[in-house]
Each structure stands twice: as structure tokens, then as C-alpha cells.
Amino acid sequence: MATGPAVVDRDTVRLALVVGGLVLAVLLGFGLGRLNPPANPGGGAAPAGTVPAGDAAPAGGAHSHAPGTGAHSHDGATVTQGGGDGATGLSISSAGYTLVPSTGDLTAGRVGELRFQVRDDKRRAVTRFAVVHDKPMHVIVVRRDLTGYRHLHPTMAADGTWSVPLTPTAPGAWRMYADFTAVADDGRQVAAVLGADLAVPGDYLPRPLPAPETSATVDGFTVGFTGTPDVGRSVPLRFRVTDAGGAAAALEPYLGAFGHLVALRDGDLGYLHVHPEPVRDGDAVTFWLTAPGPGRYRMFLDFQVGGVVRTAEFTLTVA
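Residues numbered from 1 in each chain as written. Predicted model: local features only at pLDDT ≥ 70, side-chain atom pairs only at ≥ 80, totals over all residues. Heavy atoms only, no water.

Locating P201 in the fold gives a position in the loop between β11 (189-200) and β12 (215-218). A sequence separation of 93 residues divides P201 from A108, and the C-alpha atoms of the two residues are 7.7 Å apart. Residues within four places of P201 in sequence aside, it is in contact with L106 and P171. (Helix = DSSP H or I, 4+ residues; strand = E, 2+ residues; numbered from the N terminus. Contact = heavy atoms within 4.5 Å.)

Once that is clear, we can look at the confidence of the model for the chain. Residues at a pLDDT of 70 or more form 73% of the chain, whose mean pLDDT is 79. For the stretch residues 1-84, pLDDT sits under 50, and the model shows 75 contacts to residues farther than four places along the chain or on other chains. (pLDDT = per-residue confidence, 0-100.)

Let us now look at the side chain of T161. Relative to the elements of secondary structure, T161 occurs in the loop between β8 (155-156) and β9 (162-166). We classify T161 as buried; its relative accessible area is 9%. A polar atom in the side chain of T161 sits 3.1 Å from the side chain of Q117. Once residues lying within four places of it in the same chain are set aside, the contact partners of T161 are R115, F116, Q117, T155 and M156. (Buried < 20%, exposed > 50% of the residue type's maximum accessible area, 1.4 Å probe, protein only. Polar contact = N/O pair within 3.5 Å; in protein donor to acceptor, adjacent residues only side chain to side chain.)

Okay, the packing of aromatic side chains next. What the rule picks out here adds up to ten aromatic pairs. Look at Y177 and Y271: their rings are 5.2 Å apart centre to centre, the planes differ by 40 degrees, and that puts the pair in the tilted class. Taken as a pair, Y177 in strand β10 (residues 172-183) and Y271 in strand β16 (residues 271-272) lie far apart in primary sequence, 94 residues in all. The interplanar angle of 85 degrees and the centroid separation of 5.8 Å between the aromatic rings of F239 and F287 together place this pair among those described as edge-to-face. Residue F239 is located in strand β14 (residues 235-242), and its partner F287 is located in strand β18 (residues 284-289); the two are separated by 48 residues in the primary sequence. Just as F239 is buried, F287 falls in that class too. Pairwise contacts between aromatic rings join Y97, F129, W162 and F180 into one cluster. (Phe/Tyr/Trp six-rings, centres within 6.5 Å; stacked < 30°, edge-to-face > 60°.)

In C-alpha cells form, the structure reads like this:
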């Protein structure tokens, strides 16, 4: 019949139009969703590294930082934490920056060289750093059993490569921390602590952690502290240094203060930011420490007398 083929063609056209419309609607919906993503999918805190520098933690006597927070103020810059509970230095990348070591073989008892770069999220070597505590870069090196502690200040070449002599005291697994405040292209300052492992060939014979003590002796000086750290709350630790005769030592400014304190957690070697008071409390030097969780910690206090920097070491147990 003459009308048969015409009916079939019209039905086919209608079906094609309906299917095409459905496909177009799906594609348009997908495109709009891509253009308008949710402000923070899944809720919760903003991604690490996005907290504005102006969102500072309470200052002065409060010093309270809740455990698990993503960032807090550190000398006016944004600090992005490396651990979920507030400890830093647990990863090689954080806040858009990556630590790239280029150190060759290290040998126990021999002078070697520690070399590294800090690269941004575009894999460019960072060359702009803010001076914090008198230095643009602080490097902490320690063996995994928390012995052999070193606090170093490398120098930077024009290509962004940092280098400093390093003599490991014993074979084994070592950990380095780069503590810095990078200056981004837009002038924003971001403080971070990045960590990486270092290997020193030989038999690793770990030493047990010393028992907790509130005093230590180094080169004839006695260093004691008072204060009981609490999990998730910043509390003061007051250190006093006395000479061989029991008199208060004539402390000299070191790294912008009368002492510099680093705390490392036994086990994962989490690094803790410890904030010093700008002025002394009589003959004491006060630091504010926030323990991210219970466990054992090793504290290292650098202090200077007569132009010589010494380090007192303590084991601390937080219940």
C-alpha cells in the first residue's frame, strides 16, 4: 500500500526525537553539575592547605588547639598539619609542598652531605622562604630510636637546593624533618613540616628509650622542667638551666628566643610544634606544648651559653 512506508517513517522519526531529547537532558544536567560543584562535598572541614592565614588560633594564654584540626596559626602563617591528630612531619608532602631528598650514600661516622629541595604543586623548586626563628629553614635529623638528634640550618643554592654537612653517629634508619614557611606566588605564607627517611648502611641496633625524667645534665649544666602535658590542650612547660654551682645559667638568645624545643613522638616519630613565650618568666624559659595523644615523647631543648649551643634531652610520658 502507498501509505505503509510513510507511517513507519513518521514513527521512527518520533522515536528518534524522544531518545535524542532524553540524551540531551542527561548531558545538560551533567554539565551543570560540573559547573556548580558542592562547596564542600560530604561536609566536614575544608581540604588541607586551604585555611586562610587570617584564621588564627586563640592567642595569649588560651593556646588551645583541638586535636584533629587541619591547621593553626604559627608565627602568622598557615600551618597545615601532617597527621590526623595534630602531629606533623609524618609525610613527605603536605599543604601543596613536597620534600625531595637528593642525598647520596651516608656512612656512620663520616662527614656526608644532606641535600634536598622543596617543590610546590607544579613541581617547581621553591626558592622563597620566610625567616622564622632567625632562619629560613630548620632541619631536624634523628635516628628512628630517637638518638643522634641534630638541629641543622642548611644553605640554599640559586636552584632551590638546600645542603648541609651531616655525620650520622650510627647505622640504621634515620628521619629528617624540613621545618619551613614557604612564600607562594601570591605572597601567602604557608608553614609546613615535611619528613623523609634516610638510610645509613650497617647493623641497626636500636637503643631503648630512657626512663622519664624531669631533669638532665649536659656539659656540667643541669636542665629541669615543670609542667604536665595534656592531650589536646596546650599547657606550659617551664625550663630552668643552672650551672655547676647551682646558679641560674647566663642564657643567650638562640634562634630568636632563650631556647628552642622540639618534641618527637615515639613510634611514628610525629613532630610537634612547640611555641615559646617571647619573654622569660624570671630565670625560666616557657614553651607551650600540645600532646596530640597519649604515649611516650622525646623532647630536645637547645640552649646557648657562652656562644655554645647545647642540647638537653628528656623522655616524657603522656597518659
